[in-house]
Amino acid sequence: MDHLCPVCNGLTSLEQACAHCKNRLEDAGRLYDRYGSYSPYREIDDAKMDNGYPDRQQHQCLHTGWCAQCGLEQTVIVQEWTPDMLDAQKDAFR
Ligand SMILES: [Zn+2]
Ligand SMILES: [Zn+2]
């Protein structure tokens, strides 16, 4: 089993406060999914290759956070979970 992003997999939500108003950011990926007009995750994968952001080797997943209050968008880097961390999380729910 490989690393996985807990946000992409619905295990946690983004934990990032808006830099402007401190409101909790929504995951814009899910927002775009809802409206069906945009495919953020593929763009994130593309971005990993050529813009200097951490790539898959570092097991980080880039999300676009969106503030519902002021409309600010910012990139949120989510640390992907290892299988060990995933197991620990499952234990915690037991
Ligand atoms: Zn993700
Ligand atoms: Zn805000």
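Residues numbered from 1 in each chain as written. Chains lettered and ligands numbered in written order. Predicted model: local features only at pLDDT ≥ 70, side-chain atom pairs only at ≥ 80, totals over all residues.

## Quick word on the overall build of the chain
In step 1: Of regular secondary structure, the chain possesses 3 helices and 3 strands.
In step 2: The 94 residues of the chain split such that 16% are buried.
In step 3: In the chain, the share of contacts with a sequence separation of at least 24, taken over all contacts with a separation of at least 6, comes to 56%. (Helix = DSSP H or I, 4+ residues; strand = E, 2+ residues; numbered from the N terminus. Buried ≥ 20, exposed ≤ 12 C-beta atoms within 10 Å, placed from the backbone. Contact = placed C-beta atoms within 7 Å.)

## Quick look at unusual backbone geometry
In step 1: Positive phi values are uncommon outside glycine, yet K22 reaches one of about 70°.
In step 2: With respect to the secondary-structure elements, K22 resides in the segment before β1 (26–27).

## A short note on the sheet that holds strand β3 (residues 73–79)
In step 1: Spatial ordering of the open sheet is given by β1-β2-β3, a layout of 3 strands whose pairing is antiparallel. In this open sheet, the two strands that pair with only one neighbour each are β1 and β3.
In step 2: One ladder, built from 2 bridges, connects β1 with strand β2 (residues 60–66); its direction is antiparallel. Looking at β2, one finds that D27 is bridged to G65. (Pairing = 2+ DSSP bridges.)

## Observations concerning the environment of H59
In step 1: Within the secondary structure, H59 is located in the loop between α2 (40–50) and β2.
In step 2: In sequence terms H59 and W81 are 22 residues apart; their C-alpha atoms lie 7.9 Å from each other.
In step 3: Excluding residues that lie within four positions of it along the chain, H59 makes contacts with H3, Q79 and E80.

## A word on the pairing of β2
In step 1: Extensive coverage of β2 is indicated by the burial of 6 of its 7 residues.
In step 2: Two elements, β2 and β3, share 7 bridges in a ladder whose sense is antiparallel. Of the residues in β3, the one forming a bridge with C61 is V78.
In step 3: Hairpin geometry of β2 and β3 is characterised by an intervening segment of 6 residues between the two adjacent antiparallel strands and by a positive phi of about 80° at G71.

## Details of the confidence of the model for the chain
In step 1: Taken as a whole, the chain shows an average pLDDT of 77; of its residues, 67% reach a score of 70 or greater.
In step 2: Least confident of the elements in the chain is α2, whose mean pLDDT is 49; most confident is β3, at 91.
In step 3: Counted against residues more than four places away or in other chains, residues 46–56, with its pLDDT under 50, gives 10 contacts. (pLDDT = per-residue confidence, 0-100.)

## Concerning the environment of Q74
In step 1: Along the chain, Q74 turns up in strand β3.
In step 2: Overall, Q74 belongs to the partly exposed group, with 15 C-beta atoms counted inside 10 Å.
In step 3: For the pair formed by Q74 and A28, sequence separation is 46 residues and the distance between their alpha carbons is 9.4 Å.
In step 4: Residues contacting Q74, with those up to four places away along its chain left out, are A19 and G65.

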